[in-house]
Amino acid sequence: MKIVIVGGVAAGMSAATRLRRLAEDAEIVVIEAGDHVSYANCGLPYYAGGVIEDRDALLLQTPESLASRFRLDVRVRNRVTAVDSVAHKLTVHDLGTGDEYAESYDRLVLSPGGRPIVPRVPGIERALVLRDVADADRLVAAIDGVGDGGPARTAVVIGGGFVGLEVVENLIRRGLAVTLVELADQVLAPLDPELAVRVRDELVAHGVDVRTSAQVSALTSSTATIADAAGVEVDKVRADLVVAAVGVRPDTELAAMAGAELGPRGGVLVDEDLRTSVPDVFAVGDAAIKRDALAAPGEPEPFALIPLANLANRHGRHVADVILGRTGMRPSVGTAVVGVFGLTAASAGRNEKRLRAEGRPYRAIHTHPSQHAGYYPGASPLALKLLVDPGTDLILGAQAVGRDGVDKRIDVLATAMAGGLTASGLADLELAYAPAYGSAKDPVNMLGYVADNLRTGDTRSVQWHELDRLVRDGATLVDVRTPAEHTRGTVELTLDGAPSRARNVPLDELRARADDEIPVGAPVVVHCQAGQRGHTAARLLTQLGYDVRNLDGGYLTWRDGTRATVADG
Ligand SMILES: Cc1cc2nc3c(=O)[nH]c(=O)nc-3n(C[C@H](O)[C@H](O)[C@H](O)COP(=O)(O)OP(=O)(O)OC[C@H]3O[C@@H](n4cnc5c(N)ncnc54)[C@H](O)[C@@H]3O)c2cc1C
């Protein structure tokens, strides 16, 4: 069997090497338009920033190494320009010689990835993108100012997603003054605003000029004009270099040429075994749609576009299995992580914004534990969020931000989602513990406790953005922290133009003071710093006959949520 793979990086090369491991007799041809195969595109921002010093470290394999170890026929600087899926033939343009030739296939795997989206604004031609090694070379040259007289001092990065933030961090590392321009009202769209605001704070603390609800409306050779979300010009900033990092669009050109059906939101439509609608043609990686593990039951088009490396590699392995007669790939939840100046942000599955937009019921849980035992040196806080299906108790999404221990928690939660574990079931996970690594009740277990308390009705919670309405409707707000904590910062609402503060009754005095100080008959909302003491207070008051809710995530989540509203407009 002759298998031709178009695109020789994450998905394509995973497919090629897996095919060889399973089928020594197959003829395997990999055609790659760029100069390199199997390069570490995820490392490119760090090469630009000088963290990865050796450019060769990005080049994980070469055509020669792949030929000797895997007997692959790898052709770099060769671009497939046409597909005849009836004749099972490709037209290939050899970019080195300029020759064109035909290549036949028995099975065709399309893994051309996604093309960077470039906003359409005057002067955008000068904006750099970051997709391959050649792009990274161009970015490094622009930073160094090669042939241009002096290094770059200022940069504008368009797009505050994962790649945009990595580029920002690395430009700061190289000493540039950076303006980050993001059209949405927050950075890092996979997070909800009350978590994303922490990432924004970190950027600002490192000197990044963060502009949200903003767009670049024009570029000159040395400036960028910034407009608000409506397109009204608000500012002009210096920009020795500009990087556009606003996402990728699946490259579907060859698939369309082959006659393959495309997905509703772009991306090559594939079945669960990565077959396109055209016989013997498969599509994998960023170019292909993914099966959405979190689609609501009965959703007619349970597809997602998730341009991430783990999925591309899994696609590659899976398509090799399918071509050789094996099946079975798990749908995707979308799990991602990014580091920004030592702060880590990660997410898996749906966020609250998306669930709300889909009109799906959910329960949100916020916690603020330390990443390991508080008494052990180096404890630092995490902000965790869990989204739960109230009907099934299944986990719909998770988010985490913190300095340490974020990736471990998100990976455990993503694993729980893949395994179909319920949110309450997290309480029962046996997780490794010693004081330097976690807590005997790990933050993941704690999420399970909260979920279980909500599921059983032992606690009822209120979200930070619901507080105003409840208090306006007559609820009494009680802060059960210590007076010192209360003085340091407290929930302050504005009701009918007048400030309204929580009443401070510390938890340890609540039993004695409740009768005198908390009116019976009206609902009560209790809050503490992070939600845990609030839960104890809610249990106590409930048993005393009050109608009580606990402010989910406590003062910290309320503070972050309201701050996000102000900071991001
Ligand atoms: C800067 C950067 C940082 C990233 N960081 C992360 C990260 O930290 N974590 C993460 O999960 N993901 C990350 N990603 C995303 C991840 O790299 C992609 O999801 C993954 O590489 C997709 O693999 P792929 O094989 O589908 O496509 P690609 O890796 O894009 O490879 C496609 C290849 O196909 C070639 N090609 C296209 N058309 C043709 C043609 N007609 N003929 C021949 N060859 C063709 C292209 O030249 C390209 O080399 C990052 C991406 C970038 C660009």
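Nothing here was measured: the structure is a model prediction, and the numbers come from that model.

### Focus on the overall build of the protein
Then, number 1: When its secondary structure is counted, the protein shows 16 helices and 31 strands.
Then, number 2: Against the 2.2 N^0.38 benchmark of 25 Å for 569 residues, the protein shows a C-alpha radius of gyration of 27 Å, consistent with a compact globule.
Then, number 3: Long-range pairs, those at least 24 residues apart, make up 62% of the contacts in the protein with a sequence separation of at least 6.
Then, number 4: Summed over its atoms, the accessible surface of the protein is roughly 24400 Å², and 50% of this surface lies on carbon and sulfur atoms.
Then, number 5: Between the centroid of the 60 positive side chains of the protein and the centroid of its 75 negative side chains there is a distance of 2 Å.

### Side note on the packing of aromatic side chains
Then, number 1: Evaluation of the coordinates by the stated rule reveals 1 aromatic pair.
Then, number 2: In this structure, Arg 481 is placed above the aromatic ring of Tyr 555, and the distance from its NZ or CZ to the ring centre is 4.8 Å.

### Examining the sheet that holds strand β11 (residues 209-211)
Then, number 1: Pairing is parallel across the open sheet formed by 4 strands, whose spatial order is β11-β10-β9-β15. Since the sheet does not close on itself, it has two edges, and those belong to β11 and β15 (241-244), each with one partner. Neighbouring strand axes in the sheet, compared pairwise and without regard to direction, differ in orientation by 15° on average.

### Quick word on the nonpolar core
Then, number 1: Formed by 50 residues in total, the largest nonpolar core has its most connected members in Ile 5, Leu 90 and Leu 108.
Then, number 2: Not counting chain neighbours up to four residues away, the residues in contact with Ile 5 comprise Gly 12, Ala 15, Ala 16, Leu 19, Ile 28, Val 29, Val 30, Ile 31, Val 109 and Ser 111.
Then, number 3: The next biggest cluster of nonpolar side chains, apart from the first, holds 42 residues, and it includes Ala 48, Leu 130, Leu 171 and Phe 341.

### A few points about the sheet that holds strand β12 (residues 214-219)
Then, number 1: Sheet architecture is open: 3 strands sit in the order β12-β13-β14, paired in antiparallel fashion. Strands at the two margins of the open sheet, each flanked by one partner only, are β12 and β14 (233-238). Strand-to-strand twist across the sheet, computed as the mean angle between neighbouring axes with direction ignored, equals 30°.
Then, number 2: Here strand β13 (residues 223-228) pairs with β14 via 5 bridges, running antiparallel. Looking at the pairing, Ile 226 lines up with Asp 235 of β14.

### Some points on the domain arrangement of the protein
Then, number 1: Considered domain by domain, the protein is made up of domain 1 (2-114 + 249-323), domain 2 (118-246), domain 3 (342-456) and domain 4 (461-568).
Then, number 2: Each of domain 1 and domain 4 was reduced to a C-alpha centroid, and the two centroids are 54 Å apart.

### Quick look at a nonpolar patch on the surface
Then, number 1: A cluster of nonpolar side chains, namely Tyr 375, Tyr 376 and Tyr 433, defines an oily patch on the protein surface of about 360 Å² accessible area.
Then, number 2: Its place among the elements puts Tyr 375 in the loop between β22 (363-367) and β23 (382-388).
Then, number 3: Judged by its relative accessible area of 62%, Tyr 375 is exposed.

### Quick notes on the pattern of salt bridges
Then, number 1: Tallying each qualifying case throughout the model produces 41 salt bridges.
Then, number 2: In this structure, the salt-bridge partner of Arg 55 is Asp 137, at a minimum N-O distance of 2.8 Å. Taken as a pair, Arg 55 in the loop between α2 (44-48) and α3 (63-70) and Asp 137 in helix α4 (residues 133-144) lie far apart in primary sequence, 82 residues in all.
Then, number 3: Overall, the relative accessible area of 25% leaves Arg 55 in the partly exposed class.
Then, number 4: In this structure Asp 137 comes out as partly exposed when scored by relative accessible area, which is 27%.
Then, number 5: For Lys 385, the salt bridge goes to Glu 194, with nearest N and O atoms at 2.7 Å. Of the two residues, Lys 385 is situated in strand β23 and Glu 194 in helix α6 (residues 193-205); the sequence distance between them amounts to 191 residues.
Then, number 6: Among the residues examined, Glu 194 registers a relative accessible area of 4% and is labelled buried.

### Description of the site of the ligand
Then, number 1: For the ligand, the set of nearby residues contains 29 residues, the closest of which are Ala 11, Glu 32, Asn 41, Asp 286 and Ala 309.
Then, number 2: At 2.8 Å from an oxygen atom of the ligand is found a main-chain nitrogen or oxygen belonging to Ala 11.
Then, number 3: Take Asn 41: an N or O atom from its side chain is 3.0 Å from an oxygen atom of the ligand.
Then, number 4: Burial of the ligand by the surrounding chains reaches 88%, relative to a free accessible area of 1000 Å².
Then, number 5: Elements supplying a minimum of two residues to the shell around the ligand: α1 (10-22), β4 (78-84) and α8 (309-323).

### Looking at the environment of Leu 139
Then, number 1: Checked against the element boundaries, Leu 139 lands in helix α4.
Then, number 2: As for Leu 139 and Val 204, which are separated by 65 residues in sequence, their C-alpha atoms are 23 Å apart.
Then, number 3: Ignoring anything within four residues of it in the chain, the contact list for Leu 139 reads Ala 48, Leu 128, Leu 130, Leu 171, Leu 241 and Val 243.

### Topic: the pairing of β13
Then, number 1: The buried count for β13 comes to 5 of 6 residues, which makes it a mostly enclosed element.
Then, number 2: Taken together, the 5 bridges between β12 and β13 define a ladder with antiparallel strand orientation. Bridged to Gln 215 within β13 is Ala 227.
Then, number 3: What sits between β12 and β13 in their antiparallel hairpin is a turn of 3 residues.
Then, number 4: The turn linking β13 back onto β14 is made up of 4 residues, and Gly 231 within it adopts a positive phi angle of 95°.

### What about α6?
Then, number 1: For α6, spanning 13 residues, the distance from its first C-alpha to its last is 18 Å, which sits close to the expected 18 Å at 1.5 Å a residue.
Then, number 2: Those residues of α6 not exposed but buried are Glu 194, Leu 195, Ala 196, Val 197, Arg 198, Val 199, Arg 200, Glu 202 and Leu 203.
Then, number 3: Positive phi appears at Gly 207, one or two residues downstream of α6, with a value of about 90°.

### Focus: the pairing of strand β20 (residues 335-340)
Then, number 1: The side-chain alternation of β20 yields one buried face, formed by Ala 336, Val 338 and Val 340, and one unburied face, formed by Thr 335, Val 337 and Gly 339.
Then, number 2: In this structure, β20 lies alongside strand β21 (residues 343-349), joined through 6 bridges in antiparallel fashion. Residue pairing for β21: Ala 336 is matched across the bridge by Ser 347.
Then, number 3: Linking β20 back to β21 in an antiparallel pair, the connection comprises 2 residues, with Phe 341 at a positive phi of about 50°.

What counts, and at which threshold
- Residues numbered from 1 in each chain as written.
- Predicted model: local features only at pLDDT ≥ 70, side-chain atom pairs only at ≥ 80, totals over all residues.
- Heavy atoms only, no water.
- Helix = DSSP H or I, 4+ residues; strand = E, 2+ residues; numbered from the N terminus.
- Rg over C-alpha atoms; globule rule 2.2 N^0.38 Å.
- Contact = heavy atoms within 4.5 Å.
- Areas by Shrake-Rupley, 256 points an atom, 1.4 Å probe, with all protein chains shown as cover.
- Lys, Arg positive; Asp, Glu negative; His and termini not counted.
- Charge placed at Lys NZ, Arg CZ, Asp CG, Glu CD.
- Phe/Tyr/Trp six-rings, centres within 6.5 Å; stacked < 30°, edge-to-face > 60°.
- Lys NZ or Arg CZ within 6 Å of the ring centre and 35° of its normal.
- Pairing = 2+ DSSP bridges.
- Axes fitted to C-alpha atoms, helices over the stretch in contact; angles between N-to-C directions.
- Core = buried A, V, L, I, M, F, W, Y, C linked by side-chain atoms within 4.5 Å.
- Buried < 20%, exposed > 50% of the residue type's maximum accessible area, 1.4 Å probe, protein only.
- Domains from an automatic or database assignment.
- Patch = residues over 30% accessible without salt bridge, like charges linked within 9 Å, V, L, I, M, F, W, Y side chains within 5 Å.
- Salt bridge = Lys/Arg side-chain N within 4 Å of Asp/Glu carboxyl O.
- Near = heavy atom within 4 Å.
- Polar contact = N/O pair within 3.5 Å; in protein donor to acceptor, adjacent residues only side chain to side chain.
- Expected span 1.5 Å × (residues − 1).

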